[in-house]
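# What the coordinates show
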Amino acid sequence: MDYQTIAECSLAGNLLTTEQALGVLQAPAEDLFDLLGAAFRVRRATFGTRVQFHVLMNAKSGFCPEDCGYCSQSSMSTTEIDRYPLRSMDEMLQAARKAHRAGAHRFCLVISARGATTPEIERIVAAVEAIKAEVPIEVCCSLGLLTLEKAQQLKAAGVDRVNHNLNTSARYYPAICSTHSFADRVATVEAAQAARLATCSGVLAGMGETDHDLIEVASVLRGLAVDSVPVNFLHPVAGTPLADVKDLTPWRCLKILCLFRFMLPKTEIRVAGGREVNLRSLQPLALYPGNSLFIEGYLTTPGQAAADAIRMVQDLGFEVGDPVPMNAP
Ligand code: SF4
């Protein structure tokens, strides 16, 4: 496979053929540097060597009525996790301050829910207004399914971006969740876009999907023109239905990241949840296709500390990029 031809196709704005996309996902190990070099060419054209950091806050944990098979907060999960209702406005403000001190460009407020209730939206709106008045950081909200009206409330409060992951293809979606549909998830992304919010929507690889499923969901995300795509890797957790699924290798994760870079050349590609346990010693290489990272942990699992992430970026000769200017609102 000629990966430089694929890079040129991507940079020209053309969609990869199915044969090219499969060639990326099925690249042999001896092609590692050729493939990463081609993906880096595409990444560098838009993002240079900058790496953005994002910090998550699990603002409401557990008790979710949905049955997403990968999730330790679902109604199906018996995983021992902290379960608590929505944090106070002050706790959300303090967490945003802490994220800013850690060097994060973006702070993402996440709740476990099918969708936020009206009182929850009201408290989150108040928290976002307080954060935007004080902390120079971009704010993202991940609140489950959203109506246009709720998306407009978030926009009015100053929310910059909404996250809602598609996770997998429409074909494979019923195998991982029965309480809502792929179409529900797409509708939430479209509601956020209709409210003129930036959108972040990604995937969770390693749940038993096929190569064609990954290509399909990348293609849908391209069609939706989302601003950011977190590429998550299944971290199988005891007590969840997918606890025994172990499909990923570090090399497979790199190929998936390269596919998303080629399919979405100008979109932020985040090396997201599960990167530490699945990429292991190859984590730094993920920053050749990817241009952003979560730091300081995930919703119910720990992750790489900010100082270690900064060292990893600097060891590559890359830069921690695009801090929000101090005079930002
Ligand atoms: S909707 Fe979100 S919090 Fe609820 S089970 Fe699914 S992934 Fe977990």
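Residues numbered from 1 in each chain as written. Predicted model: local features only at pLDDT ≥ 70, side-chain atom pairs only at ≥ 80, totals over all residues.

### A word on the site of the ligand
Surrounding the ligand, one finds Cys 64, Glu 66, Cys 68, Cys 71, Gln 73, Ser 74, Ser 112, Arg 114 and Gly 144. A breakdown of the residues in the shell around the ligand according to their chemical character gives three nonpolar, four polar and two charged. (Near = placed C-beta within 6 Å. Nonpolar A, V, L, I, M, F, W, Y, C, P; charged D, E, K, R; others polar.)

### Some points on helix α4 (residues 89-101)
Over its 13 residues, α4 extends 19 Å from the first C-alpha to the last, a length consistent with the 18 Å expected when each residue adds 1.5 Å. Regarding α4, the residues found buried are Met 92, Leu 93, Ala 95, Ala 96 and Ala 99. Within α4, the buried residues cover an arc of 160° as seen down the axis, which keeps them to one side. Away from its buried face, by an angle of more than 90 degrees, α4 presents the exposed residues Asp 90 and Arg 101. Residues of α4 that are buried sit in contact with β1 (50-60), β2 (106-111) and α5 (118-134). (Helix = DSSP H or I, 4+ residues; strand = E, 2+ residues; numbered from the N terminus. Expected span 1.5 Å × (residues − 1). Buried ≥ 20, exposed ≤ 12 C-beta atoms within 10 Å, placed from the backbone. Arc of directions from axis to C-beta. Contact = placed C-beta atoms within 7 Å.)

### Considering the pairing of strand β7 (residues 228-233)
Of all six residues in β7, six are buried; the element is thus mostly enclosed. Side chains of β7 alternate between two faces, with Ser 228, Pro 230 and Asn 232 and Val 229, Val 231 and Phe 233 buried alike. As paired strands, strand β6 (residues 203-205) and β7 are joined by three bridges and run parallel to one another. Bridging from a neighbouring strand, Leu 204 pairs with Asn 232 of β7. Note: β7 against strand β8 (residues 268-271), four bridges, orientation parallel. Looking at the pairing, Val 229 lines up with Ile 269 of β8. Crossover β7 to β8 through helix α10 (residues 250-263) is right-handed. (Pairing = 2+ DSSP bridges. Right-handed = clockwise from strand over helix to strand, strands pointing away.)

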